[in-house]
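One letter stands for each residue in the lines below.
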Amino acid sequence: MTTEPIGSLRAVALDAPDIHRLAGFYEQFAGWRRLPRQDDDWITMVTDDGWRIGLQESPDHVPPSWPGQERPQQAHLDFRVPDIDAAADRAQQLGATLLRRNERWHTLADPAGHPFDVCLHDDPRVTLMGVMIDCPDAKALSHFYAVLLGKPVTYEGDGMAMIGEDGSRPVLFQQVEQYTAPRWPDPAYPQQIHLDVMVTDVETASRRALEIGATRLPGEGENWRVFADPAGKPFCLMWKN
């Protein structure tokens, strides 16, 4: 079976009951910018460090209850900041909730309830280091996404893995005990966050995604199809009309 990449990372998408409120939070906290021509239920934001973030309206959104697995986060964002205390204070002023303080990072929840970390770094800007995906097997899932996204495995450790280079939109994986998978589209077991993957030939990409362990889910539109990865997390294959 060929190891050529199936697609490339288009966007990281977050579910939220109020996407305009969440967009305002990230505009002020991280300097993200909204793109024009927004749909009623979708906002696209871009960052100075190359990320594309989608905010998807989900009126029945059930927020995570971190750190447990009763209502798991499924994934979280890692930000780099020059001062974690100042960043945590600023985030709370904008509507975030402090969840835990550590020596080199603090964990907060954004206004939609999605946990995120602010991590100490010497860059004076607030930057998005990566998206961290929870899973039952970090090594196995990292190898799945390495083929799906065309990003090499750059780190494997005890319960941790990373694909892609630092500074080039890496995706990270952390192994969690008693992992609970989403059951999309059941709102009682929400996806919370999903990845959009751009492909050129959707039929070929769909076949290859299934070959490496994806599962087809009942959702599609004019330029997207829904699948689940081997850990049960939904992702979309997207193509240009």
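Cut-offs applied
- Residues numbered from 1 in each chain as written.
- Predicted model: local features only at pLDDT ≥ 70, side-chain atom pairs only at ≥ 80, totals over all residues.
- Heavy atoms only, no water.
- Pairing = 2+ DSSP bridges.
- Helix = DSSP H or I, 4+ residues; strand = E, 2+ residues; numbered from the N terminus.
- Contact = heavy atoms within 4.5 Å.
- Axes fitted to C-alpha atoms, helices over the stretch in contact; angles between N-to-C directions.
- Buried < 20%, exposed > 50% of the residue type's maximum accessible area, 1.4 Å probe, protein only.
- Polar contact = N/O pair within 3.5 Å; in protein donor to acceptor, adjacent residues only side chain to side chain.
- Disulfide = S-S within 2.5 Å.

**Q** For this particular structure, what's the right way to read the sheet that holds strand 13 (residues 193–198)?
**A** Two orientations exist for strands paired in a sheet by backbone hydrogen bonds: parallel and antiparallel. With respect to topology, eight strands assemble into an open sheet ordered 2-3-4-1-13-16-15-14, the strand pairing being mixed. Both edges of this open sheet fall to strand 2 (33–34) and strand 14 (215–221), since each of them pairs with a single strand only. The sheet contact formed by strand 14 and strand 15 (residues 224–228) spans four bridges and is antiparallel. Along strand 15, the bridge assignment pairs threonine 215 with alanine 228. Packed onto the sheet, helix 4 (residues 202–211) meets strand 14, strand 15 and strand 16 (234–238) and runs at close to 5 degrees relative to strand 15.

**Q** So what exactly am I meant to see when it comes to the pairing of strand 7 (residues 105–109) here?
**A** Residues in a regular strand point their side chains to alternate faces of the sheet. Most of strand 7 sits inside the fold, with four of its five residues counted as buried. In this structure, strand 6 (residues 97–101) lies alongside strand 7, joined through four bridges in antiparallel fashion. Looking across to strand 7, one finds that leucine 98 is bridged to leucine 108. Following strand 6, the chain reverses through three residues before pairing antiparallel with strand 7.

**Q** Looking at this structure, how should I read helix 4?
**A** By the burial criterion, the buried members of helix 4 are Val202, Ala205, Ser206, Arg208 and Ala209. Capping the start of helix 4, aspartate 201 holds a side-chain oxygen 3.1 Å from the backbone nitrogen of glutamate 203, two or three residues further along.

**Q** It is not clear to me how the state of the cysteines should be interpreted in this structure. Could you clarify?
**A** What makes a disulfide is a covalent bond joining the sulfur atoms belonging to two cysteines. By the definition in use, this model includes zero disulfides. Summary of cysteine pairing: cysteine 119 is not part of a disulfide, and the nearest cysteine sulfur, belonging to cysteine 135, is at 18 Å.

**Q** Got a minute to help me understand the side chain of histidine 76 in this structure?
**A** With respect to the helices and strands, the residue histidine 76 is situated in strand 5 (residues 75–81). By relative accessible area, histidine 76 is classed as buried at 6%. A distance of 2.9 Å separates polar atoms of two side chains, one belonging to histidine 76 and the other to aspartate 78. Histidine 76 has contacts with Pro115, Asp117, Gly130, Val131, Met132, Gln174 and Ile193, leaving out every residue within four places of it along the chain.

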